[in-house]
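# Reading the structure
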Amino acid sequence: MQESSEPQLKIGLCQLSVTSDKKVNNEKARSSIEYASKQGAKLVVLPELWNCPNSSDFIPLFAEDFEDEESASSFETMSQVAREQKITVVGGSVPERSGDRLYNTCCVFSSNGELLAKHRKIHLFEINMEGDITFHESDTFAAGSDPTIVDTDVGRIGIGICHDIRFPELAMLYRDRGAHLICYPGAFNVSTGEALWELQQRARAVDNQLFVATCSPSRDSAGSYPVWGHSTLVNPLGEIVATVGHDESVVVTEVDYSAVRITRESLPILKQRREDVYQFIGLNE
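Note that this is a predicted model, so its numbers are computed, not measured.

### A short note on the packing of helix α1 (residues 22-38) against helix α3 (residues 73-85)
Where α1 contacts α3, the two axes come as close as 10 Å, and the packing angle between them is 20 degrees. One finds that α1 runs roughly parallel with respect to α3. Crossing of α1 against α3: the hand is right-handed. Taken together, the residues of α3 that come into contact with α1 (itself represented by K22, N26, R30, I33, E34 and S37) are S73, S74, T77, Q80, V81, E84 and Q85.

Rendered as structure tokens:
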């Protein structure tokens, strides 16, 4: 379906503190989803790499083959709690093992626990800031190659992971395919987070006149760098609907899909696109 059958719904953003104990992380995810559901959330989003410290030392050990029920405890936790609570779960991301490759993967589960979609992070993060941080995600993960848009009980949703938000082309594709909400589980570091986290969310939302939801681990999470936090919901005008700081927290707030229609009718920029002009840009450079 292209639009939600519920023009208004509550969304839960679960900003979890990630530990080096996978079992503990699974229980944190379960309890936070249950809490958000009790607050009325029909859609819950988890953070990037919520079951595993973001470190090359841990990722291969915590990776899951989603087709192996015995080893895929995080996958099974998300499926079970989605079914038990009868809600849609955008499962942040967990390391996925597929053959000899690892992917940073977001699984989306329906309200009956069915796997609806699987998004492998397309754009892998690289940073070299002298005296601050060096990080090369491609040293650990392979890149995905497919955009992910999924029809759920709460509307059509586009999925990106962290660095995917930096690329407006992906968000434009989701908008053109009917998404009214894009979910970006992410784990920006403190340096890029302070400079770009809010800016990128608001840019993707206002340019495409849709909702953007992000969900981050908390600052005190285990891993190779400190995480910015600040899980947020942004509306189609680029306004912050709700956000949290850097501590572990669950925020439940409202998504009103009518705001997408009203914004696009009031400011019809999507109808004013000049593809006849844009296609020639760069040909003579």
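Still to come is the rest of the account.
### Regarding a nonpolar patch on the surface
A grouping of L237, L267 and I269 is seen on the molecular surface, where their side chains present a nonpolar patch of about 250 Å² in accessible area. Here L267 lies in the loop between α6 (258-266) and α7 (275-278). Judged by relative accessible area, L267 falls into the partly exposed class, the value being 45%.

### Observations regarding the layout of surface pockets
In this model, the largest pocket occupies a volume close to 150 Å³. Taken together, N54, S55, S56, I59, T134, F135, H136, E137, D139, T140, F141 and S224 form the lining of the largest pocket. In terms of residue count, strand β8 (residues 133-136) provides more of the lining of the largest pocket than any other element does, three residues in total. Residues that form the lining of the largest pocket fall into these classes: three nonpolar, seven polar and two charged.

### Quick word on the environment of P7
Mapped onto the elements, P7 comes out in the segment before β1 (8-15). Between the C-alpha atom of P7 and that of V255, which follows or precedes it by 248 residues, the distance is 8.1 Å. Excluding residues that lie within four positions of it along the chain, P7 makes contacts with V255, D256, Y257 and S258.

### Quick look at the packing of helix α4 (residues 168-176) against helix α5 (residues 190-208)
Angle between the axes and distance between the axes: these two values describe a pair of packed helices. Two numbers describe how α4 lies on α5: the axes approach to 10 Å, and their chain directions differ by 40 degrees. Taken together, the axes of α4 and α5 lie oblique to each other. For the crossing formed where α4 meets α5, the hand is right-handed. Residue-level inspection shows P168, A171, M172 and R175 of α4 in contact with α5, the latter providing R204, D207 and N208. Classifying every residue of the contact of α4 with α5 gives three nonpolar, one polar and three charged.

### Digging into the sheet that holds strand β9 (residues 148-152)
The sheet built from six strands is open, its strands ordered β9-β10-β11-β12-β13-β14 with mixed pairing. The sheet is open, and its two edges are formed by β9 and β14 (240-243), each paired on a single side. Looking at each pair of strands side by side, their axes are set apart by 20 degrees on average, direction ignored.

### Considerations on a negative patch on the surface
Taken together, the side chains of D65, E67, D68, E69 and E70 define an acidic patch exposed on the protein surface. Following the sequence through the fold, D65 ends up in the loop between α2 (59-62) and α3.

Calculation notes
- Residues numbered from 1 in each chain as written.
- Predicted model: local features only at pLDDT ≥ 70, side-chain atom pairs only at ≥ 80, totals over all residues.
- Heavy atoms only, no water.
- Axes fitted to C-alpha atoms, helices over the stretch in contact; angles between N-to-C directions.
- Helix = DSSP H or I, 4+ residues; strand = E, 2+ residues; numbered from the N terminus.
- Parallel < 35°, antiparallel > 145°, perpendicular 65-115°, else oblique.
- Left-handed = near helix turned anticlockwise from the far one by under 90°.
- Contact = heavy atoms within 4.5 Å.
- Patch = residues over 30% accessible without salt bridge, like charges linked within 9 Å, V, L, I, M, F, W, Y side chains within 5 Å.
- Areas by Shrake-Rupley, 256 points an atom, 1.4 Å probe, with all protein chains shown as cover.
- Salt bridge = Lys/Arg side-chain N within 4 Å of Asp/Glu carboxyl O.
- Buried < 20%, exposed > 50% of the residue type's maximum accessible area, 1.4 Å probe, protein only.
- 1 Å grid on protein atoms, 1.4 Å probe; cavity = no way out; pocket = protein on both sides within 12 Å on 5 of 7 lines; lining within 4 Å.
- Points joined across faces, edges and corners; volume = space filled by probe spheres on them.
- Nonpolar A, V, L, I, M, F, W, Y, C, P; charged D, E, K, R; others polar.
- Pairing = 2+ DSSP bridges.
- Lys, Arg positive; Asp, Glu negative; His and termini not counted.
- Charge placed at Lys NZ, Arg CZ, Asp CG, Glu CD.

So yeah, pure geometry; function would need other evidence.
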